[in-house]
Each structure stands twice: as structure tokens, then as C-alpha cells.
There are 4 protein chains.
Amino acid sequence: MTTPRKSLSSTTRRNEASRRAILTAAFELVQEVGYAKLSIEGIAARAGVGKQTIYRWWPSKGAVLFDAFLMLAEQSDGEGTGLPDTGDLEADLKAVLRATVEELNDPRYDEPMRALNTEITHDPALAALYAERLDGPMRELKKQRLRSAQRAGQLAGDLDLDVAVDMLWGPLLNRWLQRTGALTADYADSIVETALNGLRPRRRMAGQATENAERRILRP
Amino acid sequence: MTTPRKSLSSTTRRNEASRRAILTAAFELVQEVGYAKLSIEGIAARAGVGKQTIYRWWPSKGAVLFDAFLMLAEQSDGEGTGLPDTGDLEADLKAVLRATVEELNDPRYDEPMRALNTEITHDPALAALYAERLDGPMRELKKQRLRSAQRAGQLAGDLDLDVAVDMLWGPLLNRWLQRTGALTADYADSIVETALNGLRPRRRMAGQATENAERRILRP
Amino acid sequence: MTTPRKSLSSTTRRNEASRRAILTAAFELVQEVGYAKLSIEGIAARAGVGKQTIYRWWPSKGAVLFDAFLMLAEQSDGEGTGLPDTGDLEADLKAVLRATVEELNDPRYDEPMRALNTEITHDPALAALYAERLDGPMRELKKQRLRSAQRAGQLAGDLDLDVAVDMLWGPLLNRWLQRTGALTADYADSIVETALNGLRPRRRMAGQATENAERRILRP
Amino acid sequence: MTTPRKSLSSTTRRNEASRRAILTAAFELVQEVGYAKLSIEGIAARAGVGKQTIYRWWPSKGAVLFDAFLMLAEQSDGEGTGLPDTGDLEADLKAVLRATVEELNDPRYDEPMRALNTEITHDPALAALYAERLDGPMRELKKQRLRSAQRAGQLAGDLDLDVAVDMLWGPLLNRWLQRTGALTADYADSIVETALNGLRPRRRMAGQATENAERRILRP
DNA sequence: GGATAACCGAGACGGTACGTCCGGTCTTACC
DNA sequence: GGTAAGACCGGACGTACCGTCTCGGTTATCC
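Residues numbered from 1 in each chain as written. Chains lettered and ligands numbered in written order. Predicted model: local features only at pLDDT ≥ 70, side-chain atom pairs only at ≥ 80, totals over all residues. Heavy atoms only, no water.

A. How the structure looks around the protein's contact with DNA strand E. Tyr-55 of chain A, Asn-15 and Trp-57 of chain C together with Lys-51 and Gln-52 of chain D are the nearest of the 35 residues found near DNA strand E. Atoms of DNA strand E within 4 Å of the protein belong to the sugar or the phosphate in 58% of instances, the rest to bases. Side-chain polar atom of Arg-13 of chain B to a base nitrogen of DNA strand E: 3.1 Å apart, as the coordinates give it. At 2.9 Å from a phosphate oxygen of DNA strand E is found a side-chain nitrogen or oxygen belonging to Ser-18 of chain C. It is helix α3 (residues 51-57) of chain C that contributes the most residues to the surface near DNA strand E, 5 residues altogether. Taken together, the residues of the surface near DNA strand E sort by class into 8 nonpolar, 15 polar and 12 charged. (Near = heavy atom within 4 Å. Polar contact = N/O pair within 3.5 Å; in protein donor to acceptor, adjacent residues only side chain to side chain. Helix = DSSP H or I, 4+ residues; strand = E, 2+ residues; numbered from the N terminus. Nonpolar A, V, L, I, M, F, W, Y, C, P; charged D, E, K, R; others polar.)

B. Structural context of the relation of the copies chain C and chain D. The transformation that overlays chain C on chain D combines an axial shift of 0.1 Å with a rotation of 180°, and the residual RMSD is 0.1 Å. Both copies of the chain, as the preceding transformation shows, are related through a two-fold rotation axis. Rotation axis and chain C: the residue whose C-alpha lies nearest the axis is Gly-198 of chain C, separated from it by 1.6 Å. Looking at chain C, 100% of its interface residues are interface residues in chain D too, so the copies touch through the same face. (Least-squares fit on C-alpha atoms with pLDDT ≥ 70 in both. Contact = heavy atoms within 4.5 Å.)

C. Quick look at the protein's contact with DNA strand F. In the vicinity of DNA strand F, 35 residues are found, and the nearest of them are Asn-15 of chain A, Lys-51 and Gln-52 of chain B, Tyr-55 of chain C together with Asn-15 of chain D. Backbone sugar and phosphate groups make up 62% of those atoms of DNA strand F lying within 4 Å of the protein. Gly-50 of chain A places a main-chain nitrogen or oxygen 3.4 Å from a phosphate oxygen of DNA strand F. For the surface near DNA strand F, the secondary structure elements donating two or more residues are α3 (51-57) of chain A, α2 (40-47) and α3 (51-57) of chain B, α2 (40-47) and α3 of chain C together with α3 (51-57) of chain D. When residues of the surface near DNA strand F are assigned to their parent elements, the largest contribution, 4 residues, is made by α3 of chain A. Here the surface near DNA strand F is built from residues that sort into 8 nonpolar, 14 polar and 13 charged.

D. Spotlight on the relation of the copies chain B and chain A. Mapping chain B onto chain A calls for a rotation angle of 180° and an axial translation of 0.0 Å; the resulting RMSD is 0.1 Å. Most of the interface of chain B is mirrored in chain A, where 98% of its interface residues are also at the interface.

E. Seen up close, the interface of chain B and chain A. Listed as interface residues are 50 residues of chain B and, on the opposing side, 51 residues of chain A. For the chain B face of the interface with chain A, the top three residues by lost area are Gln-178, Leu-199 and Arg-200 of chain B, together amounting to 18%. At the boundary of chain B and chain A, one finds 4 salt bridges. The tally of links from chain B across to chain A stands at 28 residue pairs in polar contact (both at pLDDT 80 or more). Broken down by element, the side of chain B that touches chain A gets its largest block of residues, 12 residues, from helix α8 (residues 161-178) of chain B. Among the residues making up the side of chain B that touches chain A, the classes are represented as 23 nonpolar, 14 polar and 13 charged. (Buried area = accessible area lost by both parts, 1.4 Å probe. Salt bridge = Lys/Arg side-chain N within 4 Å of Asp/Glu carboxyl O.)

F. Structural detail: the interface of chain C and chain D. Contacts between the two partners involve 51 residues from chain C and, on the opposite side, 51 residues from chain D. Between chain C and chain D the total buried area reaches about 4700 Å² when both faces are included, carbon and sulfur atoms providing 57% of it. The largest share of the area that chain C buries against chain D comes from Gln-178, Leu-199 and Arg-200 of chain C, three residues that together contribute 17% of it. For the pair chain C and chain D, the number of links is 4 salt bridges. Here Arg-175 of chain C and Asp-166 of chain D are joined by a salt bridge, their closest N and O atoms 3.4 Å apart.

G. Inspection of the pattern of salt bridges at higher detail. Using the criterion set out here, one finds 76 salt bridges over all chains in the structure. Across the salt bridge formed by Asp-166 of chain C and Arg-139 of chain C, the nearest N and O atoms sit 2.8 Å from each other. Within this pair, whereas Asp-166 of chain C is found in helix α8 (residues 161-178), its partner Arg-139 of chain C is found in helix α7 (residues 124-151), the two being separated by 27 residues in sequence. For Asp-166 of chain C, a relative accessible area of 6% puts it in the buried group. Glu-16 of chain D is the salt-bridge partner of Arg-20 of chain D, the closest N and O atoms lying 3.3 Å from each other. (Buried < 20%, exposed > 50% of the residue type's maximum accessible area, 1.4 Å probe, protein only.)

H. Highlighting the nonpolar core. In this structure, Ile-54, Leu-146 and Trp-169 of chain A together with Ile-54, Leu-146 and Trp-169 of chain B are the most contacted members of the largest nonpolar core, which totals 127 residues. Excluding residues within four positions of it along the chain, Ile-54 of chain A makes contact with Ile-22, Ile-40, Ile-43, Ala-44, Val-49 and Val-64 of chain A. Counting residues in hydrophobic clusters, the runner-up holds 126 residues, among them Ala-25, Leu-172 and Ala-195 of chain C together with Ala-115 of chain D. (Core = buried A, V, L, I, M, F, W, Y, C linked by side-chain atoms within 4.5 Å.)

I. The side chain of Arg-200 of chain B, seen in detail. Within the secondary structure, Arg-200 of chain B is located in the loop between α9 (185-197) and α10 (207-218). Looking at Arg-200 of chain B, its side chain comes within polar contact range of the side chain of Glu-90 of chain A, at 3.0 Å. Within the structure, the side chain of Arg-200 of chain B is placed 3.0 Å from the side chain of Asn-197 of chain A, a separation counted as a polar contact.

J. Highlighting helix α9 (residues 185-197) of chain A. The terminal C-alpha atoms of α9 of chain A, which comprises 13 residues, lie 18 Å apart, in line with the 18 Å expected from a rise of 1.5 Å per residue. Residues of α9 of chain A that are buried include every one of Tyr-187, Ala-188, Asp-189, Ile-191, Val-192, Thr-194, Ala-195 and Leu-196 of chain A, and no others. (Expected span 1.5 Å × (residues − 1).)

K. Looking closely at helix α8 (residues 161-178) of chain A. Residues and elements named next belong to chain A. The end-to-end C-alpha separation of α8 is 25 Å, in line with the 26 Å expected for 18 residues at 1.5 Å each. Its maximal kink placed at Trp-169, α8 deviates by approximately 40°, while the proline Pro-171 follows within four residues. Among the 18 residues that make up α8, 17 are buried, leaving the element largely enclosed by the rest of the structure. One side-chain oxygen of the residue at the start of α8 lies 2.9 Å from the amide nitrogen of Asp-162, identifying that residue as Asp-160. Phi for Arg-179, located one or two positions after α8, is positive at around 55°. (Bend = angle between axes of the 7 residues up to and from the residue.)

L. Spotlight on the packing of aromatic side chains. Taken as a whole and assessed by the stated rule, the structure comprises 8 aromatic pairs over all chains. Ring centres 6.2 Å apart and planes at 65° place the aromatic pair Phe-27 of chain B and Tyr-109 of chain B in the edge-to-face group. Here Phe-27 of chain B is found in helix α1 (residues 16-33), whereas its partner Tyr-109 of chain B is found in helix α6 (residues 107-122), with 82 residues between them in sequence. The class of Tyr-109 of chain B is partly exposed, set by a relative accessible area of 22%. By way of ring pairs, the aromatic residues Phe-27, Phe-69 and Tyr-109 of chain A are connected into one cluster. (Phe/Tyr/Trp six-rings, centres within 6.5 Å; stacked < 30°, edge-to-face > 60°.)

M. Local environment of unusual backbone geometry. All names here are of chain C. Positive phi is not limited to glycine here, since Arg-179 has a value of about 55°. Relative to the assigned elements, Arg-179 resides in the loop between α8 and α9 (185-197). By relative accessible area, Arg-179 is classed as partly exposed at 25%.

N. The environment of Met-138 of chain B, seen in detail. Considering the arrangement of structural elements, one finds Met-138 of chain B in helix α7 (residues 124-151). In this structure the C-alpha to C-alpha distance between Met-138 of chain B and Thr-81 of chain B, which are 57 residues apart in sequence, comes to 9.6 Å.

O. Fine view of the environment of Asn-197 of chain B. Mapped onto the elements, Asn-197 of chain B comes out in helix α9. A relative accessible area of 23% means that Asn-197 of chain B is categorised as partly exposed. Ignoring sequence-local partners within four residues, the contact set of Asn-197 of chain B consists of Asn-197, Gly-198, Arg-200 and Arg-202 of chain A together with Arg-202 of chain B.

Given below as C-alpha cells:
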């Protein structure tokens, strides 16, 4: 389940081509046939690989799936090293959450991600790995953006950024996993707005009141 | 998957004892052996029932699990018909979320609930049923409490109560499902506080404002 | 491995069609692909049957093979209930041994019989069954013929008939199994003659000559 | 499968130590775990040898086994270069067959020999090799002893010695391979006596009695 | 109140996948 | 170039369950 860089001194005679074929096959298969019908045998067949080659290197179906995501993540590394930071926190967060919504709705990722979540929920070891390798780095980027906003005085100074991240992405992911409702851009916006302002009524203040007043005028 | 009351006009010759035995067996088994090793055959054996009796009445393993929860829910109906309403919204919500945390941490419910969530995430039909029969009623109670607070001016007047519910329970459930961190009472409290106040700095009025003013002086 | 006659009170819900299909497939397969490549999986596939159905009723590949022969034997029961008894022991034995030679040389039986012998040689339990159900009855028929000859004074009075049977068929079977030489009708004849007369030189005697003389007259 | 003496001009870089380790391991393993569970991998592991080294030098598992016997035979060469020849054919044969019985009953040789026979019965090429290298020389020794008896007039002059050998050892080997009955010294004796005298009644005659009488005189 | 039909337990059945073992080939690093 | 080590593709093992299908044996209702 480790991801050996060939540059390391490791003397493993592992076949890199097989490894990639397996991860690709796993990802494609789960998206085609769904989690319930995903089988090691199927993955091996699709990858043109002996079953033993899978069992030799991964302890479980979930671990394969996890590595498949890891491979994907590494490929798209460097793409965007960080959340957008235009200075407008609300807009930036809305943009990011809308992107998340789109990804979750994307049929290429929907099933695979549900599958990964299922594995994680039933396997603490895998969950730890997930926290370390996938969720962790992502969460760090999110917290960076929030920290920047916090420094700019746009977020409460005593805010626990982990809680903040949960507050923003938790509702979204939960609605997606439990299928409690449709995942739309509007919903993402609502989450951001409500999370930022809180559930309590906000006494309008100078600047803010003005801003809102303006908008009410512009879009009655 | 229907839950026939025998008092209804239904002319089903269904054996109520078998039905209960199956649901009980399913719930107990999933909690003992885990989701991955839960099998229809195991349920039938434990319930002392023929496999066909399960296949006759339920379309899937998930449906059995769902009904098991439904049975549980009905048993504890009337227990508390509504969330506590002491007038102190924050305290009431903290109490409820702490209770949720305890339930999710309870080894009797942890695995079964994860299993149910897994089934729901992979089966839209089941998810719809879940929304209608289990989540729906629960959510209604939550919204009632929030509505009451809203009427009392403790919540924003234009607040979307569904979003509010998501904002409060979403982070909790997501952290639990993804095992992103420990579920503690403190965490529940943080969620409630942060959700109510929002992520943005609150210009406290009167005393609060002073505090912020002070801080601004201290850390310019 | 038992061979249930449906007439028995047995309440087994065993599928007779599957049973026959399995035995037929096993026999045909071993003769087509050879013992080394005979697999339970192959038998199941050829018989159109689940593997479990084989494992449910037979403890080993050898047991299936054994039952296949048993089925064959039962089909050809009644065909010849006993060895030929023309009064001419030597001729009768030669006829029977020549028939055995032909059977062993028959490509339809060669491989299957080698396979059965292999299983027997490595599995005492199977060997016991073989002795009881297949070899036993056959051997009884052979001994009957010899007994008849013994009563007619054509065989030594103190002859152990089991040894006699071994003496006649043992060399043949051994040469076949060990491939020590070709199995021909001539070889069968040699065995019979040598076994009857013994290895020692025989002085011709009155009586014997007479007997032969008489027969030469009766059947020129 | 060849058995290269290093003294030969062969320029093979073959590792003699590995060769012996493999043959020894094969022999020991088959006797410990039985023919069915004998595997190339197991042999390689036990011999501390790479699998390839086996595949490089032997075409099949049976060939390894065969060579293992060959090695054994060569070690005990010179031991007894010929069957005992006391002049008393019957006694000599009984002694030899009893020795054979003991060898077949010896747990050290039983399984290995059954295994070799199995390989031979299913592999004509191996059988040819067996006939040439193992059975052939042995048979020649047997025939020598019989020839000697034949010259002494103790065996029929027109006797086919190959048939005679089969007549003596065939019943024994067949009973052993097919497990038709226990292999005892008594059984060996019966075979010898019956084979020598034949199945037919023997009218004792002057000459024979004389012969015996004479012998009693010569070797009291 | 006897017929009859749906339901029940049991479990055999044709299948699919499991996780393991081994066959035979190929590669790597050593000697 | 032979060797120990062992990864690799593939095929079979024996087991566990799937979902379907009989099989007798209760019920429970309807004639």
C-alpha cells in the first residue's frame, strides 16, 4: 500500500506497470459496475494480472481503492496548490464548494468516492491512512485559506479551523453520502453563507448593512 | 419492506414472529461480525428461519437492516416526542448533539449505523425510504425546535431550517463516518457554538464590542 | 459416494440428473485430458453443475472417479453374470484374459482405469471401497469359475483361489500399469499356460494325456 | 534427467550439490507428505534451491522422482550383484520375494514407490526410462537366477523367462498397488509355490520324488 | 370440517468470488 | 553462465454465500 518511488533504494522487484494497471482497473471498474459488484477477481482480470499480484501488495479491496485515489491525487498534484485567495473569502469558498459539488455529482467520481468512503467507514486502519495521505493534505490547504482570512480579520480570531472546515464541508458530504437531498450550487452557497454568518440573527453593522442595502437595491 | 400492522386489513399470512426474529438477528449480527461479514444466510440461521422467508419479504440485505432500525425506532417511539425546549437554544442543542455523539460512540449502534449508511449510500431506493421513514420524522422534530427558536428571535428570520439542521448534524455525522477525528462532547459543543455564531467575527454589542476593541488594541 | 437407489426410503433430495452428469463428465474428461489435468472444476463445468454439488456428495476426485466406474459396472450388470464355463478351463481363461487385454488397450478405458488405480494406490479408504464394490464381485466370479474347475479335478485341491486369481490377473495388470511391455493376446495366453502348468518342467502323465486325447476326439 | 558423472567429459557447470539436495528433498518429501501434496516448490524450498534450477534440469516432477530412485539404486549398487543362488530355487525365490514384501511394506519406501509407479503409469516416456535404467537391470538379475535354474532342469526348458518373472513379481506388485490384500511373507511363499507348481494338480512322479530325495541327501 | 393454498423450515442447486497454493516463466543480483 | 530468490500470469483448489428452486409440514381461510 506504500507508494514506492523508484528513486528510493528499495530493492523491491515490484512491477510498476502491473501496479498502475491494477489501480486503473480498480478505479474504472468501481465506476462501471458499482461498489457491490467490485471484485478482486474482476480487477485482476481487467488489469491482465494474476490475483496473487494484488494479494501480494494490498491487504484488502479497500486498500487498492485507496491507492487508486492516491495515484489520481498525485497525478493532479501541482495543478492547484492551494485554494483560490482573491481576498473575498465568501466568494472563494463558494467557488470551492461548488467545485466540490460538481465533483461529487460527476458520474466518474461519484461511485468510486462512495466506495472509498464505505471502505473507510468500516476499516479504521484505512481511515488513518486516508487521514494522513488524502484528507490531511487537502484539509491543510483549506485551513491555509481560512488562516489567511483569519489574519485579515474576516474570521473570528479564536476560531478552531478544523471545526470551521467541518462546518463547511461536513454538511455537503453528509448530504451526498446519505442522499438527504440534491447537491446543487445553491446549496453550496447556502452552506457558505450560513456557516459564515451563523444561525443567529445578525445585527447589521455599518459596512455590512450598506453592502446589503446596495444589493437590495440592485436586485430587488 | 413494508411494516404491516396486523390490525390493518392486510390479509397477509405473514409470520410476525419470524419477521421479528429476522430483524433482531440482523441487527445483532451486524453489530457482532461487522458489515462485511453480514450475510443473509447468517441472518436466516441465527433467526432459525428459512432463507426463502427473507427473500420473500425483503428485496435486499439493506432493506432488512433498514427495517431492523425501523423496528427499533418504533419501539422507542413516544419516548421523547420532540427535542428539549428549555428556551435556551444553545444549551438544548448541545444536549441533543452530545446525545447523538454518545449514540454514535455506543458499540451497540456504531456498526449497525455504519452498515445502514453504507447501504443507503449505494442504494437510492433505500435512501428514499430512509428519508421518508427514519430521517424525515427525526428531521421534523429538529426543525420544530429550531422553528420555535426562530419565532423567539433567536435564529435568523430568513434561515433555511433544512440547511440549519445540516449545519448542526452534518459535521458530526461526517466526522463519524469518515473517522476524521474523535467524536467528543467538546466537539459537539464547538459545532453548536460555531454554527450559531458563524465563522465571521461577531461585533459584540455593548460588552462584547468592548472585548473586541480591546483585542484590536492589543493586537493591531 | 453411496449409490442411493431411489426405491430406498432415503429422504435425500439429491438430484439424480446432476449425479449422473457429474459421473459421466468425470469419466469422459479423464479419458480426454488425462489424469493429471482432470480437475473438479472441469468436471463441474462439463456437467453443468456447481462445484459445491460435487463437494457435497464426494470427498475427493478419486471418489467421483470410483463412482463413475460403479455406474458403468451397474449399467453392464447382467450382461455376463459369470465367466464362461465350457469345461475347458484353459480356453475359458484365455478368452477372459484376452478380453481383459483388449479392455486395457481400449483408449476409452485405458486412461480412466489408470486414473482409478492411481487414486486407489494413494487412498486406502478408496481402496477398501474398491475391494468391496468393484474388485470384490468381479473376483468372486473368477473364483467361481476356478472352483468349478477345482471340483472337476482340473485344479489342485488345496489351491488358494485368491492366490490363483492373483497369479492369472496380477502379471497382466502389473505389466499394464508399469508399462513393462506390450499387452497382447499372446501374452495373455502365455500367462494362462504358464500359470496352469507352473514354471517347473511337467512330465506328461497318463490321465492328462487321456483327457487331452478325448477332447481332441470330441472337438477336433 | 541424465545422471552426469562429473568424471565424464561433460563441461556442464551443473552444481552437483544442488542436484543431490533436490533428489534427496524430493524423496524425503514424498515420503512425508505423500504423492498428492508433493510440489516442485516444496522440493525447491526443502533443498534450499531456486525453482528454476529444478526446471532447468528436469522436465517433470516424475523425472525428479525417478532420478531420486536412480541415485538410491546407485548408492546400493554392488551391495548384492545378483539374486542368491543356493541351488534351492524355491527357497531362493521365497527369500527374494519376502525381501521385496518387506521393502514394499517399509514406510520409507512405500509412498515414494507408489509415487514413482503413478508417474510411470501416466507417462510413457518416463516408463521407457524406467524400463531401461531401473527395472531392466533388476529384471536381468532375476532372469539370470532363473536361467541358472533352467539349466539345472528345475524350470521348464521352453519357459519364457520374462513371463516367469512377471508370474512371480506381478501378483505381488499388483496386490500392493491395488491394496487388494495384505502383503505378508506367507503370501510371498504362496506365490512362489503356486507359480512353480502351477495351478493344476500335480501327480507326484518318480523323477520328482527322486530329485527331492537326492537333494535331501546332498544338502541335509 | 375438510379442502386448499400461502407460508414456513430446511437445504439442494447453479453460480460467483473468495483467499491460497502451485505451475511454469522470467528477472535480478550474486558468484 | 549457473544459481538462490522470488515476482509474475494463470489455473485450480476447497469454502462461503448468492438468489432460486423444491420438498414436506404446518396454519388459516374459504367453501
